[in-house]
Amino acid sequence: MKGNDMKAAFLASALAGLFLSTVSTAAFAGGTQYVPTATTIGHNSRTDTRGYIGLNWTWGGGYTPALVLGVTHIKVQSDGDTSGGRMAFHLNLLNGPAPGKLKLSYLNGKEDVQGEIGVGYDFIKSAPLLGLGVNVPYLSAGADVFMNPGVVPYATLNSQGKFDKPQGKTTIY
């Protein structure tokens, strides 16, 4: 063998020996092994602004519902976390169409169920209100709180379905 060939053979033997000793130590002597792990970073998000229509019944308000015209502006993360706002205008249909109430609410939860807290004004009662509720696809329920007469429960059937969450996350190995 020539000098360069011997150097290459020696270097290859040394590297092979180093590799084999590391593998055998890790495998047979309880040494630390490299185990690849996945790390997920970031979320995709989607922001939607949607109009909706609904019918709202209040406790003690009779059988005639109010017509609800509203809009939601919602941000949904790929893990389902959902937050945003809602504006709803209620048109009272009893005794002819008349403004009912205007409510601005903050929504927070998952894409299929959100809690709601809002403020507004009831034109029929001429009074401000605080609204607390829960939203699921096609249904909202809760209570509007007034200084007088107090708490008024409500239920709203609406055209607002489940919010769509975007697909995917970034995974690094």
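Residues numbered from 1 in each chain as written. Predicted model: local features only at pLDDT ≥ 70, side-chain atom pairs only at ≥ 80, totals over all residues. Heavy atoms only, no water.

(A) View of the sheet that holds strand 7 (residues 127-136). Strand order around the closed barrel formed by 8 strands is 2-3-4-5-6-7-8-9, with antiparallel pairing between neighbours. Strand-to-strand twist of the sheet, defined as the mean angle between neighbouring strand axes without regard to direction, takes the value 25 degrees. Bridging between strand 5 (residues 98-110) and strand 6 (residues 113-122) involves 10 bridges; their strand directions are antiparallel. Looking at strand 6, one finds that K101 is bridged to D122. (Pairing = 2+ DSSP bridges. Helix = DSSP H or I, 4+ residues; strand = E, 2+ residues; numbered from the N terminus. Axes fitted to C-alpha atoms, helices over the stretch in contact; angles between N-to-C directions.)

(B) Structural view of the pairing of strand 8 (residues 139-145). Where strand 7 meets strand 8, 7 bridges bridge the pair, whose relative direction is antiparallel. Bridge pairing links V136 to L139 in strand 8. Where strand 7 hands over to strand 8, the hairpin turn is made up of 2 residues, of which Y138 adopts a positive phi near 70 degrees. Sheet topology note: the strand 8/strand 9 (residues 151-158) ladder contains 7 bridges and is antiparallel. Paired with V145 across the strands is V151, a residue of strand 9. If you look at the hairpin formed by strand 8 and strand 9, you'll find 5 residues sitting between the two strands, and G150 has a positive phi there, around 110 degrees.

(C) Just the layout of surface pockets, in detail. In this structure, the largest pocket encloses a volume near 380 Å³. Where the lining of the largest pocket is concerned, the elements lending two or more residues are strand 2 (45-58), strand 4 (82-92) and strand 5. A breakdown of the residues in the lining of the largest pocket according to their chemical character gives 9 nonpolar, 9 polar and 3 charged. (1 Å grid on protein atoms, 1.4 Å probe; cavity = no way out; pocket = protein on both sides within 12 Å on 5 of 7 lines; lining within 4 Å. Points joined across faces, edges and corners; volume = space filled by probe spheres on them. Nonpolar A, V, L, I, M, F, W, Y, C, P; charged D, E, K, R; others polar.)

(D) How the structure looks around empty space enclosed by the protein. In this structure the tally under the stated criterion is 2 cavities of 30 Å³ or more. Computed from the structure, the largest cavity encloses a volume of approximately 130 Å³. If you go around the largest cavity, you meet 13 residues; those closest to its centre are Y52, R86, A88, H90 and T156. Of all the elements in the fold, those that place two or more residues in the lining of the largest cavity are strand 2, strand 4, strand 5 and strand 9. In terms of residue class, the lining of the largest cavity is made up of 4 nonpolar, 6 polar and 3 charged. Along its surface, the second largest cavity is lined by 13 residues, and Q114, N135, V136, Q160 and G161 are the ones closest to its centre. Contributing elements (two or more residues each) for the lining of the second largest cavity: strand 7 and strand 8. Tallied by class, the residues present in the lining of the second largest cavity amount to 4 nonpolar, 6 polar and 3 charged.

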